[in-house]
Amino acid sequence: MDVLFFTCGDWDIGKQIPLQFYRSIVCGNSNKENIHIKEFPRFLMQWMNVKTFALNYYQSKNPTKTKISFGTIANLLKFLQIPLDGVHHLGMHDTDNIAKICISLIVDGAVFDITTSREHHVNENGNIVHVLKHSYAQRIGQLHLAKNQKENLY
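All residue numbers here refer to positions counted from 1 along the written sequence of the relevant chain. A pLDDT threshold of at least 70 governs which residues receive local features in this predicted model, and a stricter bar of 80 or more applies before side-chain atom pairs are shown or counted, although totals over entire chains, interfaces and linings include all residues. Side-chain measures were taken over the full set of non-hydrogen atoms in the model, leaving aside hydrogen atoms and water.

Engineer: Explain the overall build of the chain to me, please; I cannot follow it from the model alone.
Structural biologist: Secondary structure summary: the chain contains five helices and four strands in total. Think of it this way: any DSSP run of H or I at least four residues long counts as a helix, any run of E at least two long counts as a strand, and we number them from the N terminus. Reading the chain from its N terminus to its C terminus gives the helix and strand order β-α-β-α-α-α-β-β-α. The criterion used for residue contact is that any of the two residues' heavy atoms lie within 4.5 Å. Across the chain, every contact between residues at least 6 apart in sequence was considered, and the portion connecting residues at least 24 apart equals 55%.

So, in structure tokens, the structure goes:
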């Protein structure tokens with residue numbers, strides 16, 4: 001079963017979850033002796049940064065091609081004319097706001113895609129190194145334009 005997490009940025013899944021994973025008992029003894037590293041969960045290897053996705057999606061729909069910028073989820077909500085619920089950076093409030101943004105994207109015809117994925121490997125010192133790959137969902141603009149061109153043919 002495939003899973004795609006929706007985030008407001010890359011920090012939590014990109015940095016903090018792996019840090020906690022490798023520090024915790026999940027990967028070995030809590031005293032760090034005889035650590036047996038288990039495979040990092042596959043479902044945490046890719047996600048969709050809602051801000052990045054929305055930026056690229058709405059930029060691709062912008063006929064004037066003037067640069068769009070959000071910076072924060074509060075600015076993205078303002079752009080979508082959706083009121084901010086609660087306080088920014090509080091977990092459940094952010095979850096509600098991200099869900100509202102995703103609903104708005106669906107209504108606007110977006111097809112969700114991965115914006116960031118993770119690769120990890122062991123370096124020459126035996127340490128696990130994570131590399132984040134940012135696709136920035138560049139295919140989104142192409143998919144949207146292709147869909148509009150196809151609709152205009154009929």
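Now, onward.
Engineer: Sorry if this is basic, but what is going on with the layout of surface pockets here?
Structural biologist: Leftover empty space is mapped by rolling, across the atoms, a probe with the size of a water molecule. Think of a 1 Å grid over just the protein atoms. A cavity is a set of points where a 1.4 Å probe fits yet cannot get out, a pocket is an open set with protein on both sides within 12 Å along at least five of seven lines, and lining residues have an atom within 4 Å of a point. Grid points are joined across faces, edges and corners, and a volume is the space filled by probe spheres set on the points. If you add up the space inside the largest pocket, you get close to 290 Å³. Along the wall of the largest pocket there are 15 residues; nearest its centre are Thr-7, Cys-8, Asp-12, Asp-94 and Ile-98. If you list the elements that add at least two residues to the lining of the largest pocket, you get strand E1 (5-7), helix H1 (11-23) and helix H4 (91-107). For the lining of the largest pocket, the residue count by class is seven nonpolar, five polar and three charged. Any residue outside Ala, Val, Leu, Ile, Met, Phe, Trp, Tyr, Cys, Pro, Asp, Glu, Lys and Arg is labelled polar, Gly included; the first ten of those are nonpolar and the last four are charged.

Engineer: Where do I start with the nonpolar core in this structure?
Structural biologist: One recurring pattern in soluble globular proteins is that nonpolar side chains are buried together. Buried residues of nine kinds, namely Ala, Val, Leu, Ile, Met, Phe, Trp, Tyr and Cys, make up a nonpolar core once their side-chain atoms join them within 4.5 Å. Three exposure classes are used, based on accessible area relative to the maximum for each residue type with a 1.4 Å probe and protein chains only: buried under 20%, partly exposed in between, and exposed over 50%. Core analysis: the largest hydrophobic core is formed by 18 residues, its most contacted members being Val-50, Tyr-58, Leu-76, Ile-101 and Leu-105. Those elements that place two or more of their residues in this core are helix H2 (50-61), helix H3 (73-79) and H4. By residue number, the principal contributor to this core is H2, which donates five residues. Once residues lying within four places of it in the same chain are set aside, the contact partners of Leu-76 are Val-50, Lys-51, Ala-54, Phe-70 and Ile-101.

Engineer: So what exactly am I meant to see when it comes to the side chain of Asn-97 here?
Structural biologist: With respect to the helices, strands and loops of the structure, Asn-97 is situated in helix H4. Ignoring sequence-local partners within four residues, the contact set of Asn-97 consists of Leu-77, Pro-83, Leu-84 and Asp-85.

Engineer: Is there a simple way to think about a nonpolar patch on the surface in this case?
Structural biologist: On the surface, Val-3, Phe-5 and Phe-43 cluster together into a nonpolar patch covering about 240 Å² of accessible area. Checked against the element boundaries, Val-3 lands in the segment before E1. Of the residues examined, Val-3 reaches a relative accessible area of 34% and is grouped as partly exposed. To count toward a patch, a residue needs a relative accessible area over 30% and no salt bridge; like charges are then connected within 9 Å, while nonpolar side chains (Val, Leu, Ile, Met, Phe, Trp, Tyr) are connected within 5 Å. Per-residue and other accessible areas were derived by the Shrake-Rupley procedure at a 1.4 Å probe size, with only the shown protein chains allowed to occlude residues. A pairing counts as a salt bridge when a side-chain nitrogen of Lys or Arg comes within 4 Å of a carboxyl oxygen of Asp or Glu.

Engineer: Looking at this structure, how should I read the packing of aromatic side chains?
Structural biologist: Where two aromatic rings form a pair, the distance of their centres and the angle of their planes describe that pair. Working definition: rings of Phe, Tyr and Trp (its six-membered ring) pair if their centres are within 6.5 Å, and the pair is stacked with planes under 30 degrees apart, edge-to-face with planes over 60 apart, and tilted otherwise. Throughout the structure, instances matching the rule amount to seven aromatic pairs. On the numbers, 5.2 Å between centres and 75° between planes, the contact of Tyr-57 with Tyr-58 is edge-to-face. Given a relative accessible area of 2%, Tyr-57 falls into the buried group. For Tyr-58, a relative accessible area of 7% translates into the label buried.

Just distances and angles here, no functional claims.
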